[in-house]
Amino acid sequence: QVQLVESGGALVQPGGSLRLSCVAFGSIFSINVMGWYRQAPGKQRELVARITSGGDTNYADSVKGRFTISRNDAKTTVYLQMNSLKPEDTAVYYCNSAQKWGGSSWGQGTQVTVSS
């Protein structure tokens, strides 16, 4: 079992930056992919960025060049550095892990609001 806890969401002005953190607890070695998803009101949850156990990364086209996903050396924490934030980035951001055995875990989400 893997438990995920997100933090770092806040109200930020357009053009500002935020750094989200996701701490993983439990069967860390069972994780092969971790990622950040977001869901805005009235919209489906979408992939923002993800990173594999080997360090390969993928980003949604809408955030390329602005967001960066990374992790600590122990692979217990995943970060999402968000720069040049836009109002369209407003959403609840969720951390996700995909386990090697096929399971998936979700964090409870952290609210990011980009507004003047």
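Our subject is the structure listed above.
All of these numbers come straight from a predicted model, not from anything done at the bench.

Things to note about the overall build of the protein chain
1) Next: Broken down by element type, the protein chain carries zero helices and 11 strands.
2) Next: Element order for the protein chain, N to C, with α for helix and β for strand: β-β-β-β-β-β-β-β-β-β-β.
3) Next: Scaling as 2.2 N^0.38, a compact globule of 116 residues should have a C-alpha radius of gyration of about 13 Å, and the protein chain matches this with 13 Å.
4) Next: In the protein chain, buried positions account for 40% of the 116 residues.
5) Next: Within the protein chain, counting contacts between residues at least 6 apart in sequence, those at least 24 apart form 52% of the total.
6) Next: Looking at the protein chain as shown, the accessible area adds up to about 6200 Å², and 48% of this sits on carbon and sulfur atoms.
7) Next: Side chains of the protein chain give 11 positive and 7 negative charges; the mean places of these two sets differ by 3 Å.

Points about the environment of Phe29
1) Next: Mapped onto the fold, Phe29 is located in the loop between strand S3 (18-26) and strand S4 (31-39).
2) Next: Residue class for Phe29 comes out exposed when judged on its relative accessible area of 78%.
3) Next: In this structure, the C-alpha to C-alpha distance between Phe29 and Val2, residues 27 residues apart in sequence, is 9.8 Å.

Here we look at the state of the cysteines
1) Next: Enumeration over the complete set of coordinates arrives at one disulfide.
2) Next: Put simply, Cys22 and Cys95 are joined by a disulfide, and their sulfur atoms are 2.0 Å apart. Disulfide Cys22-Cys95: the torsion about the S-S bond is -85 degrees, which places it as left-handed. Taken together, the positions of Cys22 in strand S3 and Cys95 in strand S9 (residues 91-99) put the pair 73 residues apart, joining distant regions of the chain.
3) Next: Among the residues examined, Cys95 registers a relative accessible area of 0% and is labelled buried.

Calculation rules
Residues numbered from 1 in each chain as written. Predicted model: local features only at pLDDT ≥ 70, side-chain atom pairs only at ≥ 80, totals over all residues. Heavy atoms only, no water. Helix = DSSP H or I, 4+ residues; strand = E, 2+ residues; numbered from the N terminus. Rg over C-alpha atoms; globule rule 2.2 N^0.38 Å. Buried < 20%, exposed > 50% of the residue type's maximum accessible area, 1.4 Å probe, protein only. Contact = heavy atoms within 4.5 Å. Areas by Shrake-Rupley, 256 points an atom, 1.4 Å probe, with all protein chains shown as cover. Lys, Arg positive; Asp, Glu negative; His and termini not counted. Charge placed at Lys NZ, Arg CZ, Asp CG, Glu CD. Disulfide = S-S within 2.5 Å.

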